[in-house]
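# Structure assessment
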Amino acid sequence: MIPLRGAAALVGVADDASPTGELDRHGRALEAEMVRLALDDAGLALADVDGVCHAQSSMAFAEYLGIHPRFTDSTNTGGSSYEVHVEHAAAAIAAGLCEVVVGVYASTPRSDRRRAGGQQGRWMPPGPNPQAEWEWPYGIRMPMGPYALAASRHMAQYGTTPEQLAQIAVSTRQWAAMNPKARYRDPITVDDVLASPVQSSPLHLLDCCLVTDGAGAFVMTSAERARDLRKPPAYVLGAATCHDHLMITQMPDLTVTPGAVSGPSAFKMAGITPDDVDVLMGYDSFTITALLHLEDLGFCAKGEGGAFVEDGRTGPGGSLPMNTNGGGLSYTHPGMYGMFLLVEAVRQLRGECGDRQVHGADIAVAHGSGMVLSCMSTVVLGTEAAR
Amino acid sequence: MSDPTQSSDRRGPGDAPQRMEPPTTDVSAPFWAATREQRLELPWCTKCEEPIWCPREVCPGCLGTSIEWRPAAGTGTVYAVTVDHKPQNPGMAGWAPYAVALVDLDEGVRFLTNVVGCPPDDVVVGMPVEVTWEALPDGRQLPLFRPREVRAPDAAGARG
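Summary of the structure given here. Keep in mind it's a predicted model, so treat the numbers as computed, not measured.

Assigned secondary structure in chain B consists of two helices and eight strands. Residues classed as buried in chain B amount to 29% of the 160 residues present. The long-range share in chain B, meaning contacts at least 24 apart out of those at least 6 apart in sequence, stands at 54%.

Moving on, we come to the pairing of strand β5 (residues 98-105) of chain B. Residues and elements named next belong to chain B. Among the eight residues of β5, seven are classified as buried, and the element is accordingly described as predominantly covered. Relative to β5, strand β4 (residues 75-84) is paired through eight bridges, and the arrangement is antiparallel. Note that in β5 the partner of Thr82 across the bridge is Val100. Pairing of β5 with strand β6 (residues 110-115) involves six bridges; the strand directions are antiparallel. Following the sheet pairing, Val103 is matched in β6 by Phe111. The hairpin formed by β5 and β6 contains four residues between the paired strands, and Gly108 there has a positive phi angle of roughly 105 degrees.

For the rest of this paragraph, the subject is the packing of helix α7 (residues 162-176) of chain A against helix α11 (residues 287-296) of chain A. Residue and element names in this part refer to chain A. One way to put it is that α7 packs onto α11 with a least axis distance of 9 Å and a crossing angle of 95 degrees. As judged from the angle between their axes, α7 and α11 are roughly perpendicular. Counted together, Leu165, Ala166, Ile168 and Ala169 of α7 and Thr287, Ile288, Ala290 and Leu291 of α11 form the full contact between these two elements. In the contact of α7 with α11, the residues fall into seven nonpolar, one polar and no charged.

This part takes up the interface of chain A and chain B. At the interface, 34 residues of chain A touch 37 residues of chain B. Elements with a contribution of two residues or more to the side of chain A that touches chain B: α5 (130-134), α6 (144-158) and β5 (198-200) of chain A. Per-element tally for the side of chain A that touches chain B: the top contributor is α6(A), with seven residues. For the side of chain A that touches chain B, the class distribution of residues is 22 nonpolar, eight polar and four charged.

All names here are of chain A. Spatial ordering of the open sheet is given by β3-β2-β4-β7-β1-β8-β11-β10-β9, a layout of nine strands whose pairing is mixed. Edge positions in the sheet fall to β3 (71-73) and β9 (279-282), since each of these pairs with one other strand and no more. Pairwise comparison of adjacent strand axes, ignoring direction, gives a mean angle of 20 degrees for this sheet. In this structure, strand β1 (residues 8-16) lies alongside strand β8 (residues 234-243), joined through two bridges in antiparallel fashion. Within the sheet, the bridge partner assigned to Ala9 lies in β8 and is Tyr235.

Thresholds, definitions, all that
Residues numbered from 1 in each chain as written. Chains lettered and ligands numbered in written order. Predicted model: local features only at pLDDT ≥ 70, side-chain atom pairs only at ≥ 80, totals over all residues. Helix = DSSP H or I, 4+ residues; strand = E, 2+ residues; numbered from the N terminus. Buried ≥ 20, exposed ≤ 12 C-beta atoms within 10 Å, placed from the backbone. Contact = placed C-beta atoms within 7 Å. Pairing = 2+ DSSP bridges. Axes fitted to C-alpha atoms, helices over the stretch in contact; angles between N-to-C directions. Parallel < 35°, antiparallel > 145°, perpendicular 65-115°, else oblique. Nonpolar A, V, L, I, M, F, W, Y, C, P; charged D, E, K, R; others polar.

Below you can see the structure in the form of structure tokens.
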């Protein structure tokens, strides 16, 4: 077996978002710009690239760039796609299948509405599939409904309170205040969250992620090559993925995500425990999503997530800095947010985060969540000191 | 992805609320046929002696194809519940707020449904429920659930 730990590194990253929630560019042009910026960040050129990851079509994107990759990955697991891409690319680089991999994401749901002349897409009944047959006729809101069900179950089973969930949004907003590109930067209180309109109970508007334009890219290469590049490498120390359902009716236990498998696996590969993690980037599509990550990754015991977050532990100055870019709750959420977890994790390890920098960060975890708590992918990144 | 800040189009007061009609497949045809007579049936693997949900061509336990439709008791317990205030389907706006629940049927499968027959906020995890039916335009019936009265334990014991 080829050891994965430390064999590859993220060497270039880029992302973009805006306080208006909209970006000027869209589509392939926006993707290409992200790749250009990430390559520039790494000190590499398009000609160096021999691997491509893209959650819709790596072939269409490579064709657009005019490159001929020998490693290709179009895996789509929803929002965790980009963590899965890093895992696959690290394995491919470790095995010698390729040397330089780019991954990219761009989505502009907010400005798309403007380009469509303000027209909302008409609600169309979808074609035959199990969700259309067994879930959607009941008017469950997607993707919010399944997360609301998970929150309901967690509250009933463990006594988790709306106030505890709200604290996650409050702490995350405190981080967003230090990110000039964040959509929302004004402080909020637990009362503000609870006073915002209920969407799908028990989730309020401020328990839910944003809908914004956003884009990002990463560049990866081998540890050997990484050392000669422009920026300090963020080594992939561990990576693991697990999915256990697609439809919410098929999720075995709504209080336990497949992160309970991917997290410990990735930590074991990296040779770390939760205590070693300096920055946690845990996909926050909803407050309950982040709370479940804290339990499943082992930062606290199952059922104790509410108590764990309620003193602001995940906010600035807390013992576990979480979602330091402001997260999907306050920074940006274009639909599949996993790319931004990776970008922020790399920047924290490089010490590039300005006011929100976590001092001395050597180990950062990007934990992606895809579809409706369906596919979890955990990437442990570390500095040279942690390798 | 849904936009929590955007409101659905609402139907005029004269329009009847409209659900999305569930599509049917060959594998689910027996389920929907039984609903026409308000019978709730579940597919069982005759080898594993386990119910399967949702319906599929093979048993996810043994990959066998020996599947038989059997009547279900129509009783269960709420596993999780959310009350939807802003439906995505504009046709359901007239029904909001309504309860969407995962119900664990006594046979051991988990069913997504609406719990009706009480204020939506009264539906709680652990509530006993039983099936009730709503007619679809094509003659099929959609299984919904409503609160179920549970006999006191001594009364239930007296029967045995």
